[in-house]
Every structure is written in structure tokens, then in C-alpha cells.
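# An overview of the molecular structure
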Amino acid sequence: MAERSFKKEVGQLRIPAGEEFRGEGILAVTKALLQSGVGYVAGYQGSPISHLMDVLADAKDILDELGVHFEASASEATAAATLAASVMYPIRGAVTWKSTVGTNVASDALANLASGGVTGGTLIIIGEDYGEGSSIMQERSHAFAMKSQMWLLDPRPNLESIVQAVEDGFELSEASHTPVMLEMRVRSCHVHGRFITRENRRPAFTLAEALENPKRDVGRIVLPPASFAHEHEKVRERWPAAVKFIRERKLNEFFDGDEDYASDVGLILQGGLYNGVIRALQLLGLADSFGNTRIPLYVMNVTYPVIDDEVLEFCKARRAVLLLEEGQPEFIEQNLHAILRRAACATVLAGKDVLPMAGEYTTEVMRDGIAAFLAAHAPHALAPAPTAVASPPQPAAVPLRFHPKIAALATVVPARPAGFCTGCPERPIFAAMKLVEADLGEHHISCDIGCHLFSILPPFNLGATTMGYGLGAASSAAFNVKGGRRAISVMGDGGFWHNGLASGIGNAVFNKYDGVIVIVDNFYASATGGQDILSSRADNPDRATNNPIEAAVRGVGVKWLRVVDRTYDVARLRDTLEEALTTPEPGPKVIIAQSECMLNKQRRVKPIFNKAVKAGERVVKERFGVDADVCSGDHACIRLSGCPSLTLKDSGDPLKEDPVAYVDASCVGCGNCGEVADAAVLCPSFYRADILHNPTRRDRLLARVRGAVIGFLQRRRAARLAGSAL
Amino acid sequence: MMNRITLHPGTPIRIAILAMGGQGGGVLADWIVEMAERAGWWAQTSSVPGVAQRTGATVYYLELLPESAAHAAGRAPVLAMMPTPGDVDLVVAAELMEAGRAMQRGLVTPERTTLITSTHRSYAVAEKAAPGNGIADPNKVVDAGRAAAKRLLCFDLQQMAERAGSVISASLFGAIAGAKVLPFARAAFEDTIRDGGVGVGVEASLRAFALGFDAAAAAPAEPAPLDTARPLPDVPERAASPQAQALLDAVKRDFPAAAQPMLVAGLRRLIDFQDLAYAAEYLQTLGTLRELDERSGGSAHDWALTRAAARHVAVAMSYDDVIRVADLKTRGSRFARVRNEVGAKSDQLVYTTEFMHPRLEEICGTLPARLGRRLEKSKAFGGFIRRRVEHGRRVKTGTLTGFVALYCAAGMRRFRRGTLRHAIETAHMHDWLARTTRIAAADYALAVEVLECRRLIKGYSGTHDRGDKRFARLMDAAEQLLGRADAAATLHRLRDAALADEAGHALDAQLAALLRGPFTPPQETRRPGHVAA
């Protein structure tokens, strides 16, 4: 079960041919895959392409009807290796993941795939997680395209172009026997737009047909001497075939400019930057809202390979061109320089000299870069042109950011990074680690990818490194030496199944690693949207779940293993951690800390609870609270929790200046705050309120009896107070 | 070859929505798209949610353009995927600091931008974690908004949503409609909610929408600053009980008007904590301090010393002991407050469970002073308590056994003045007031600061110990500073440093600087946690 249900979106996959599709970019890609007659789709979820996987997971019926096989792969390496089905058979296959991290994981299989080449079209849809909102290192997928020779599509970010790129991509792949990568930038994945649909197509050749008619060709396998031949084949056959296809099918686009400027200058850009470039030109008075531009453009919807002849055609007629290429190294710019130099073309090529080498190319950055380029090579373009159209209001040259009152905001506007959700079961694990630190001192902690990585942020401030998904335990491997303190590694259940079982646990057993490994088992791949994994507890009709991590860990030979099946038991977790850090027992000390991801749990139990309430069943809802008059306003509880629902409010007491802790209505009753207050011996101000819905007659009777006695005593004491009240 | 290019008219409306993950910024963006498309507009939205979905700050960006313009141009529009600073018509912030962030990003400009923001706060971890008060000044944002926006609308849209039983996206949508910044009628907004909703949520959303709409429609041209003042208690004409009247009369007769509100608060606290006699004792102590204040020229300082003492002596005398906690937990008013806070309906039953963790110190503190002291030192008793008693206890206050146990503990108040804890607290207070008295003769302002330092002592167990130690260090510093012209200001800074972080790094650094020589104020640093985005 994923975080969002896509049952509604799945309906859009059935839109008949010729009708308008309106929706999110990633959904349009999914529709385009079906229109292309894809035979199988696989992948590993992660922003920004999680939705593609989630939609397909929810689209079982339609996939079955079309005969399309879908797999949620164990990792990106698995997904890439899945493409092997298209090596010998004319089956179109698509895989998807978050890049560049996923491409790193997949690159072994990709390199093998690209070496031998493909028969059926293979499309690798990469969610390029770059720029604002990104959660990974800032690198380019472009390098992978170059090193393994796969073609890289970067279409203009409108749904028409993106859908067209999917269909073209398969054809290009088949025409050149080469895998094709389709780069989807974060905003393109989430853009809402429209396109006219075509009919969904059944795969022309099915996986079943392939199984029944197996084929092999040693020449396609990466073994000498074939592997040496592959390299030559790549440059002699596949490259020219691709160039021919790209030219003939006009995958790259030329946009005419105004004849006043066309002989002077032009812009070359990655397709994905197109909308931003048009807006930048518009802000300079050189374009309108419909893509009409005075400056001519050469839009590279295929950013690899670069088509030499197209580049020369565009450059030869002009004195200077500007290349807009996001990210570094500036591969395309270097490539263009080589093309111009070899052709002895004197056209000036500007690029990273007027644009920043690193960082996201925002509209503002590109506007300034284009303005600098035009000022040098076509200053008349920047002079206000007589125009029939009233030019739209232009932003001030100097943004208001420098206004003293706005600069002063730096002292009040807090950083707001992502953090653990309300009620997150991972929070108590790190609260326990803080308590262990207080008892045993600081330890080296290796983190992993996943929600648990938020432990590096306040209020926990735990963790020294993160080396990659599932590599938490592996990244402590060197610390397998005798010392006063053991290293602690953290790994999520998602990372565990992705590769951590072998790279971390197996490695630790084999090398007699002496440290502590905490596996956070929250029943889902939570950070990527709550997808099911091997150890998920839910019954999934399409997948085999309920395979416990504990069995796998024991299976690879771990002897010291503790399972804490309720992470909210902070004291028990603390004691377990302390035991693991101090036990004389050799070998890895593995703790599996289990509780269900609260986001998913709420989605699961809320409807059940509401239904029970409606049906008149006796149900108890738990919530936590703080007695404002008992709370002293020190906020130690917050420093060990950070729960969004544990917040502050005015004490309401003139004698108490500092705000007191307060649990707001978003509390889900996980109990972490009370457990922490207890385990850390903080204060008695927390309470749990059990709200009993639909009490039975017995409940009501008992409540009446209790109320009578308690009420009597309370009134007695209140009367005494009232007697002396001021 | 090429021709002249004709640029066509048509400028999209640019909208940025700043929200935190989980606030429904995406829902709001989808509503606007839906409404615009029904009205025959091109609408594009995009965002970069990523992990920001998990409570982080994020931006949704929209552009809207009439389809008629696209028809006239003969081409589909090319719309931007991200906001350009200074080029946004409408900025909507789902939380006050996110409005601040929008301005920091340059999205708000006086020529163009309507800025609609909710004034409610969702405090950042750094604000919440400060041991004192780390909450940022909201009026800096409102102030900047007045300078940066063409029009600023700010009101508590979160509270409106809660009042309507809905979520903030609905009241924000209403505020956009009410601000009349988009070319769509109210009905178009409401139809969007109606048709996009899922059954039960629709009515609540429409109520929240209406509240937001009305607030925006009636919004003043210039919003007033947010009221962040903490009101002082009123000094009543008459006391609620005849016994308290005498104390009230004494306050009015013997004390300057400036100190009276805090004295009333102090008396109320101590009557509530112990009894009238204890409150009278407090007033007597304060009387002595008022005389000291007068001798030291307090009238020229608006009786700062008496005012500070009125607050802190009351807090010191009403220390949090087991008796106090048991009392507060068992009151009828508390039962009612809990019901209210958890939103229980009349046909529902509510039972509370308290998380208690009595330690040896607390148990001994409740015993008669001499016995308590002896047992505290006894290894056998201490071991017994640690093994048998000192662990987390869950007390159910709604059951008879749980309630009666706490009720009886609260009833021990009649023995309180004989307890070990009382002896410790009283001795501590006498030391502190003696120091204040001594210092006041030489440095009035420093004496006031010495009183204010009492703010550091709060909480229970480890928290209390830590506050106690810091307080002691500041008292030593006060002695050291005595005689210096900047003594009071320096102690004030040290007090702020002591409240800045739990580990005490800020205080260590400042104390070290102080010991090295003449105190030089450190370079102005940002308050902890208020790191710019």
C-alpha cells in the first residue's frame, strides 16, 4: 500500500484515443508507456518518480488487460538487469528510478546492457533529483549516458513533448540497438498539463512468446572477444544510426527568431530548460507567453549524443551563440567547442562564462545570463523594441531581498527542513540514543538513507555519515577494531532489503564485526511513499509479504540479535542499546526496532476507527496532553522528541514567562512524549487521555460510581480553595 | 528565411503557495487549477515536494492564462515552472514564517504582489527546543510584509479552519476569493470545493472557506501588528473571599501601583499552593523587599526591584513538589480542562493516565526534614527505594485507587512546612534574598538582575538540578561583577546565555570571557536556531 492511492489516476490511463488528458507529468509518462506498446515495466521508487511506480502498482487490471508485466524491483540494479529481456527479444521494456543515486546502483547492469546492445526498445526513465527540493548529492546523469553510451532525452517540459519523447525513445532505442534514458526533472514530473491521447497498445511480442521461443547469441554477451567488438559497434554502427534517426525524425527543434537578431545570435539549450528560457526571454522583452521568440533557439531534446551537423548548421549562420546547460561538468559545452573547432567555425560559443558553473538554472539566473550574453554580442536586442503589445510588467532590477526589513527576517525566519512526522515510530529510537549518549558518552554513528536520516537534524543531532541506501552498516565496516567504544549503524527496512542484508549484515558476520547495527523496521519503504517490501505486514495479493527481517538476519549468521517490537518503549530501547554497546559477546550486535510507520498506520486505521465509532462499537482513542500548570517551560521533552504535535503555547500564568509545552490536536497518541518524559525522568506534566467512544452500560455505570466519589472529593477541596480565593 | 516575429498579448497570472509538508498546499494548488480550467483558462502548476512532504517548507507555483489568449496567438502557452523574484502576482503562505520566507526569496514586490498569509505559527524545532523562550518575533514578518507587498492580508486562517472543522487549505482558498485578486467569482470557488470534495469534508470546507472569505473581504488596507503582549492580571476591587480581602487591602495600602498586579498573581498562586497564612508570609517578605527598594531609590526605577521580587519570590515559594503535582492533577477544573483539550463530546468518557517517576529525592523531600535527611543518606533505604519505588509509574487518575492515592498525596499539604523539601527551598530563598539585599545597597540594577536570575530554576529532577547549578554560577558571577559599571547588563547577558542551550555552551563561553578580563560584549549573534533559510 503506497502513501497515496492512485485508483482515480489509474482511470486516466483508460482515456480513449483522441481525447484530452489533463494531469501530472509522471502520469502522462505512464500513459505514454501504454501507448507505446510496452511489454514490461520495472523500477525502484523514489522522488520524483515514486508516483510512476505507485500508479502502475494500482493499475493491475489495465496492465493485465494489455498484457503488460509490472514489477516493483528489489533495487535499481534489479530494475536495470530486468531490461535483459529486451536484449534478444523485440519486447519494449521500461524501468524507472531516482537519479543519480539509482543510476549509481544500476550502473553495473546498465553498462552490460549498453555494451551488448538491445533488440527491443529499452527506456530508462530517470527522475533527475536536482535543484530545489532535492534530497541527494547534486550530480548529473549525463555522465552515465556518456560513459556507457546510452542516449539521453531531455524533452521540453510540456506533456505533449514528454509523451512524444517516450514514444520516440523506444523507436530510437530500436533503431540504434541502444538503451535510451529519458530524463524527467523534478518539476516536469509534478507539472500539471494536457495532451491528446493515442490508443493503448498491446505489446507486439510478449514475454510468454519469448519464453516459449528462447534465443541466444554469444555476440551479445559481455565476454571477450564480443566485448571488444561491442565498443567498435557502438561507434561504427549504433552511433551513426542514432544520429540518423534523431535528424530524420527531428527530435531536436529549431525555433526561428526575428530576422533582426537571427544572423547575430542564437541560444542552444537543453530541452528541459525551454520553459524557463522562454520566460527569461519574456522578462527581457524578447518573447511572449506562447513561445514566440525574437532570438532563435536550438532546443536539444536529445542531449546525448550531440548532433554535430545540427550544431554547425545553427552556429554557422551566427556570430555568437549561448549554450544553456545546467549542472557541471559542462559536458555539452566542451563537446560543442570540439565540434566548432574541428569544423574551424569561428562562431563565439558562450556558456558557463556568463552563467554559473554549478547550481540550478532558475529563471532569474538564466535571464541574467542571457542578458549578459546579449549585452556582449547583440546589445541592440536589449534596447526596448517598438512593439504592438504592451509589454508585461517587469520585475525590478534589484529584488526587494535587500530591503532592510526583509534582510532583518534572517533573524526570525527559521530553517524548516523535513523531519519526522507526528507520531513517527523512529523518533523514540533516537530519543533512546540520546539517553544512551548521556549514560555512555558519544559514539560514532553511521546513518543510512531513509526517514531515519532526519536524526542528523535538531533536536537529535545524531549521525556522522551517510554513504548510500542500505549502506549504513557497511559504512561502519572500518571501525572493526578494539576500542573503548563501539560504532553504531542505522539502517532502515527499505535499505535492508535493497542491499543492506548482504552489504551490511552479511559483511559484518563474515568479517566478525564488533559494532552495533540498528535496523529500523517500520513495515514499509516509508521515505519513498510507503510502498510494500518483503517484510511488510500487510497482505498484498500481488506480492509475497510478511517475510521477517529477523529470519533473514539469523539466516546470514547473526548470533546477538534483539527484537524490540514496540519502538515507543524508550526505556527498553535504551537498555537494549546499552547492552549491545557493552556486552562482551563477539560479532555484530543487531537490534531490530519495530513499529509501524505512523503515516501509513493512520491511513490504515483511521477509516476502520471511524467506521467502528459510527457502528456504535466501544472504541478507545488515545491522545496525549501536557498540564500547563505542571509544565515548567524548560522544553527538555521537546529536545528529546521534536514531534510536530508537541509544540508551545503561552502558559496563561503571569508568573510563568516562558511558554509551556502543549500537545496540539494533530496528536495521534503514539505515546512517545510520555515515554520519553518517563525514561529521561523529566517531569510529571504529560498525561495520556483515553477517550472512550460509545461506552457500554457497564462503562457508564462504573463512570457514575467513580464520578460520584471523585466529584465529592474534588468539590470538597474546591470549596476550601474558594473559601480563601482572591 | 526568417520573418519578423510577432509577440502576442497575454500575461499569465503568477501564483506562489508556500506551505509546509502535510499542510495541504498541493490541495490548494489543485483547487485553483481545477477552478481555472473550468472557467476556460490554461492552468499549470508544479512543485518540488520530495522529502519536504515530511513537514519541510516547500513551494507550489501556478500560472493561469485565458484560453482565448492562446486561441488568438494560435499556440499553446509556454508557462514557467518556477517563480521568478519580483514577478509574482499572488503569494499565499500557509504559515506566518513561510510568508517571511517568500519575502526572503524576493517573491513579494510592492508593485505587484498581494500577500495573503495565515498569522498562526507552527514553531520550528529550534524555536521549541530553547530552554527559555525561543519563539521568533512574528511582527518582524508583518512589518516586512507591509513594506514588501502591494497589499498584505494576514489573519489566523488555521484557527478559522479548526473552527469550521476543516483544514487550512479551505480557509486559504476562501481568503484568496475574499481578497478578489483572481478573476473568478465566489461561486466558482465554492463549486470547485463542492465537486472536488469527498462527501463529509465538503460542508466543513465550505464553512472554513466562508470564514476565510469574510476575513479577507473585510480586511483593512494595512493590517495591525499582532498582539504579543502578555497582559498583567487585574487588581480586583474586592477579593472573592473575605479572608483574602485583608491581603488585598494590604497590597493596595502598602505597595506601589506598578507592583500590585504581580503581587496579586503571587498571592493567588500561594493561596492555591498552600493557604492564606503562607500567602501572608509572602506579602511580609515582599514588604521587606519593598522597603529595601525604597531605600535604594526604587521610585526612580518604577519599583523594578519590587516588581521582579513579586514574581520570583512567589515562584520560589511555590516550588513543584509531589504534593503540588498531586494536587494539580486531581482537581475538578483539571478534569474539565482535559476533556476540553482533547475535544471529548458529552457522551464520551475520558480517563487520564499520568506519567510519574518519583525519585529518592522527591520521596525524602516529602518526609519530615530530619527524617528525610537521614534516609537520604542511608544506603539501605536509598537502595530499597531505587529498587522498589523509583521507576516509571502510570497513575490512572480517573480510577478510584489512582485518584485517592494522588488525592491523599495532595492532602499532605498540611505537613508541607515541615518537609525536607520546604527546608531546602526556604534556605535557598533566604540566601538569594540576602544576596539581593546586600547588592541592592551598592547597585540597584544588579540586584534586580539577581532577582531575575531565579527564572533559571525550574522543572523537575535533572532539569531542576541543571537550572540550580546555572543559577549558582550566575550568583557567583554577580558577586564578581559587583562594582563594575556594566554589572547589571552583563549579568542580563549571562542569563540569556544560560537559557540559550541545554548543554550550556553559550554560558560557558561568556563566563570564560568574563573571567579573562573586562567584559567585551560578544559580536551580535543570531538567536539560536533562527538560522536563515
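From a predicted model like this one, the values you see are computed outputs, not experimental measurements.

### Notes on the side chain of Asp272 of chain B
For Asp272 of chain B, the location among the structural elements is in helix H11 (residues 260-273). Not counting the four nearest positions on each side in its chain, Asp272 of chain B is found in contact with Leu721 of chain A together with Arg324, Asp327, Arg331 and Arg413 of chain B.

### Structural notes on the UniProt feature "domain: Thiamine pyrophosphate enzyme TPP-binding" (unreviewed entry) in chain A
Feature annotation in UniProt assigns "domain: Thiamine pyrophosphate enzyme TPP-binding" (unreviewed entry) to the following positions: residues 449-591 of chain A. Between the first and last C-alpha atoms of residues 449-591 of chain A the distance is 18 Å; the span itself is 27% helix and 15% strand.

### Quick notes on the sheet that holds strand S2 (residues 41-47) of chain B
All names here are of chain B. The sheet built from six strands is open, its strands ordered S2-S3-S1-S4-S5-S6 with mixed pairing. Both outer strands of the open sheet, S2 and strand S6 (151-155), are each paired with one neighbouring strand and no more. Between one strand and the next, the sheet's axes are offset by a mean angle of 15 degrees, whatever the strand orientation. Judged from the five bridges that link them, strand S5 (residues 114-118) and S6 form a sheet pairing that is parallel. Residue pairing across strands places Thr117 opposite Cys154, the latter belonging to S6.

### Focus: the packing of helix H14 (residues 322-330) of chain B against helix H15 (residues 332-341) of chain B
Residues and elements named next belong to chain B. Between H14 and H15, the least distance of the axes is 5 Å, while the angle of their chain directions is 60 degrees. The pairing of H14 with H15 is recorded here as oblique in orientation. Residue-level inspection shows Leu328, Lys329 and Thr330 of H14 in contact with H15, the latter providing Gly332, Arg334 and Phe335. In the contact of H14 with H15, the residues fall into two nonpolar, two polar and two charged.

### Some thoughts on the pattern of salt bridges
Side chains bearing opposite charge may pair, as long as their charged atoms lie close to each other. In the structure shown here, the tally under the stated rule is 95 salt bridges over all chains. Residue Arg14 of chain B is joined to Asp87 of chain B by a salt bridge in which the shortest nitrogen-to-oxygen separation is 3.0 Å. Of the two residues, Arg14 of chain B sits in strand S1 (residues 13-20) while Asp87 of chain B sits in the loop between helix H2 (67-73) and strand S4 (90-93), which places them 73 residues apart along the sequence. When its relative accessible area of 3% is taken as the criterion, Arg14 of chain B is described as buried. A residue is classified by how much of its surface remains accessible, and Asp87 of chain B, at 0% relative accessible area, is buried. Each of Arg416 of chain A together with Glu95, Glu98, Arg101, Arg121 and Glu127 of chain B takes part in salt bridges that share partners, so that together they form one network.

### A word on the domain arrangement of chain A
Split by domain assignment, chain A resolves into domain 1 (7-248), domain 2 (253-381), domain 3 (427-600) and domain 4 (618-694). Look at where the C-alpha atoms of domain 1 of chain A and domain 4 of chain A centre, and you get two points 50 Å apart.

### Some thoughts on a nonpolar patch on the surface
Residues Leu701, Val705 and Val709 of chain A together with Leu400 and Val404 of chain B make up a contiguous nonpolar surface patch of about 360 Å² in total accessible area. Of the residues forming the nonpolar patch, the biggest block, three residues, is contributed by helix H27 (residues 697-723) of chain A. When you line up the elements, Val404 of chain B lands in helix H19 (residues 400-411). Taking relative accessible area as the criterion, Val404 of chain B reaches 34% and is therefore assigned partly exposed.

### Overview of the sheet that holds strand S14 (residues 348-350) of chain A
Residue and element names in this part refer to chain A. Strand order in the open sheet formed by five strands is S9-S11-S10-S13-S14, with mixed pairing between adjacent strands. Across the chains shown, the open sheet's two edge strands, defined by having one partner strand only, are strand S9 (253-255) and S14. On average, adjacent strands in this sheet sit at an angle of 20 degrees to one another, irrespective of strand direction. Sheet topology places strand S13 (residues 320-324) next to S14; three bridges connect them, and they run parallel. Opposite Leu322, over in S14, you have Ala350 as the bridge partner. Where helix H16 (residues 331-342) meets the sheet, its contacts fall on strand S10 (265-270), strand S11 (297-300), S13 and S14, and the angle it forms with S14 comes to roughly 175 degrees.

### Notes on the packing of helix H10 (residues 242-254) of chain B against H11 of chain B
Residue and element names in this part refer to chain B. Taken N-terminus to C-terminus, the directions of H10 and H11 make an angle of 155 degrees; their axes are 10 Å apart at the nearest point. Comparing their axes, H11 and H10 come out roughly antiparallel. Of the two possible hands of crossing, H10 and H11 adopt the one that is right-handed. Residues Leu247, Leu248, Val251 and Lys252 of H10 touch H11, and the partners they reach there are Gln260, Leu263, Val264, Leu267 and Ile271.

### A closer look at the domain arrangement of chain B
By a widespread convention, an interface's size corresponds to the accessible area lost as its parts come together. Domains assigned within chain B are domain 1 (13-217), domain 2 (230-318), domain 3 (322-412) and domain 4 (440-533). A C-alpha centroid distance of 43 Å is found between domain 1 of chain B and domain 4 of chain B.

### Details of unusual backbone geometry
Residues and elements named next belong to chain A. Across the junction of Ser99 and Thr100, the peptide omega takes the value 10 degrees, indicating a cis bond. If you trace the backbone, Thr100 turns up in the loop between strand S4 (93-99) and helix H7 (101-116). The peptide bond linking Pro458 to Pro459 adopts the cis configuration, its omega dihedral lying at 5 degrees. Topologically, Pro459 is positioned in the loop between strand S15 (445-447) and strand S16 (465-466). Residues other than glycine seldom take positive phi values, yet Lys512 does so here, at roughly 50 degrees. Turning to its location among the elements, Lys512 is positioned in the loop between helix H21 (493-510) and strand S18 (516-521).

Thresholds, definitions, all that
Residues numbered from 1 in each chain as written. Chains lettered and ligands numbered in written order. Predicted model: local features only at pLDDT ≥ 70, side-chain atom pairs only at ≥ 80, totals over all residues. Heavy atoms only, no water. Helix = DSSP H or I, 4+ residues; strand = E, 2+ residues; numbered from the N terminus. Contact = heavy atoms within 4.5 Å. UniProt positions renumbered as here; feature names shortened; annotations may be inferred. Pairing = 2+ DSSP bridges. Axes fitted to C-alpha atoms, helices over the stretch in contact; angles between N-to-C directions. Parallel < 35°, antiparallel > 145°, perpendicular 65-115°, else oblique. Nonpolar A, V, L, I, M, F, W, Y, C, P; charged D, E, K, R; others polar. Salt bridge = Lys/Arg side-chain N within 4 Å of Asp/Glu carboxyl O. Buried < 20%, exposed > 50% of the residue type's maximum accessible area, 1.4 Å probe, protein only. Domains from an automatic or database assignment. Patch = residues over 30% accessible without salt bridge, like charges linked within 9 Å, V, L, I, M, F, W, Y side chains within 5 Å. Areas by Shrake-Rupley, 256 points an atom, 1.4 Å probe, with all protein chains shown as cover. Left-handed = near helix turned anticlockwise from the far one by under 90°.

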